[in-house]
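# Observations on the three-dimensional arrangement
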Amino acid sequence: KRGAAFTSLIAAVVVTSLEASVGILTNSLGIISGALQSGLDLIAAAATVYAVRESSKPPDEEHLYGHGKYESLVAFIETVLLLATCAWVSYEAVQRLFYREARVEASLAGFAVMTISIILDTSRFRALYRVAKKYGDQALEADALHFASDALGSAVVIMGLLFLALGYPMADPIAALGVVAIILALSLRLGRRTLFVLLDRAP
């Protein structure tokens, strides 16, 4: 579990750095939204490393039933962070669609970075999800869903960049809103489950 969590942390650092650099250079909201999502993945991955370490501790005088809820608490915090990102990206996309123009460049670097992101995110999702199901670890599952949403989001961004290259500037903010829709669907489902665990709701 610790190995899977730490590897996801390294992957998040790489993807965030690449997407942020290219997003700023091209001014693509789609890529920037992907970078923000990956940045939250970086925070989430670091939190998951902590949660996995803490949850593996045996019960003590202050935690009579063990430390397992660290995983659920971190998963819930990750969900809140994702929802905050959705709010910002949605606001910026609406601004670009209806109120102001933004010059965006559909460069080869953008396509390359998003393709690399899809490959890394998909591999991390599979590895994390396998370990999460094996150990019933919600924090690792939350981390896996972060990477899954990143991969889906990157695919949407590539579609937006393709339409942008064909002369449709509205495609970039629309692609960003597509990323938001994907994140919302995954986040709300996971948030509901983690909240039930924290409230001790019976299965």
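This structure is a prediction, so every number in the text was calculated from the model and none was measured. Think of each chain on its own: its residues are numbered from 1, step by step along the sequence as written. Reporting in this predicted model follows two pLDDT cut-offs: at least 70 for local features of residues, and 80 or more for side-chain atom pairs to be given and counted; totals over whole chains, interfaces and linings ignore these cut-offs and use all residues. For the side-chain quantities, the full set of heavy atoms in the structure was used; hydrogens and water were omitted.

Helix and strand definitions follow DSSP, with helices as H or I runs of at least four residues and strands as E runs of at least two, each counted in order from the N terminus. The secondary structure content of the protein chain amounts to six helices and zero strands. Taken from N to C terminus, the helices and strands of the protein chain fall in the order α-α-α-α-α-α. With a 1.4 Å probe rolled over the protein chains alone, any residue whose accessible area is under 20% of its type maximum counts as buried; one over 50% counts as exposed, and the rest are partly exposed. Out of the 203 residues in the protein chain, the part that is buried amounts to 48%. In this description, contact between two residues means that some pair of their heavy atoms is separated by no more than 4.5 Å. Counted over contacts in the protein chain with a minimum sequence separation of 6, partners at least 24 positions apart contribute 79%. For the accessible areas, the method is Shrake-Rupley and the probe is 1.4 Å, while residue cover comes only from the protein chains on display. Surface summary for the protein chain: the accessible area is close to 10300 Å², and the carbon and sulfur share equals 68%.

So, about the confidence of the model for the protein chain. Per residue, pLDDT measures the predictor's confidence, with a range of 0 to 100. For the protein chain, the mean per-residue pLDDT works out to 75, and 88% of the residues sit at or above 70. Ranking the elements of the protein chain by mean pLDDT puts helix H2 (residues 29–55) last with 71 and helix H4 (residues 108–135) first with 80.

Right, let's get into a nonpolar patch on the surface. For patch detection, residues must exceed 30% relative accessible area and be free of salt bridges, and they are connected within 9 Å for like charges or within 5 Å for nonpolar side chains (Val, Leu, Ile, Met, Phe, Trp, Tyr). For salt bridges, the criterion is a side-chain nitrogen of Lys or Arg within 4 Å of an Asp or Glu carboxyl oxygen. Together, Phe6, Ile10, Val14, Leu18 and Ile116 give the surface a local cluster of nonpolar side chains, amounting to about 410 Å² of exposed area. Sorting elements by how many residues they give to the nonpolar patch places helix H1 (residues 2–26) first, with four residues. Secondary-structure assignment places Ile10 in helix H1. When its relative accessible area of 45% is taken as the criterion, Ile10 is described as partly exposed.

Right, let's get into the side chain of Ser117. Tracing the sequence through the fold places Ser117 in helix H4. Given a relative accessible area of 1%, Ser117 falls into the buried group. Apart from the residues within four sequence positions on either side, Ser117 is in contact with Val15, Glu19 and Ser154.

Its 28 residues give H4 an end-to-end C-alpha distance of 41 Å, which sits within 8% of 40 Å, the value for a rise of 1.5 Å per residue. Every buried residue of H4 is listed here: Gly110, Phe111, Val113, Met114, Ser117, Asp121, Arg124, Ala127, Leu128, Val131 and Ala132. Remark: Gly136 follows H4 within two positions and exhibits a positive phi of approximately 65°. Helices are assigned an expected span. That span is 1.5 Å times one less than the residue count.

So, on to the nonpolar core. Residues enter a nonpolar core if they are buried and are Ala, Val, Leu, Ile, Met, Phe, Trp, Tyr or Cys, with the set joined through side-chain atoms within 4.5 Å. Judged by nonpolar contacts, the single largest core of 19 residues is most densely connected at Ile31, Met114, Val157, Leu161 and Ile183. Every element with two or more residues in this core is listed here: H2, helix H3 (69–99), H4, helix H5 (138–165) and helix H6 (171–198). Counting nine residues, the second-largest nonpolar core is a separate cluster that includes Ala12, Val52, Leu128 and Val131.

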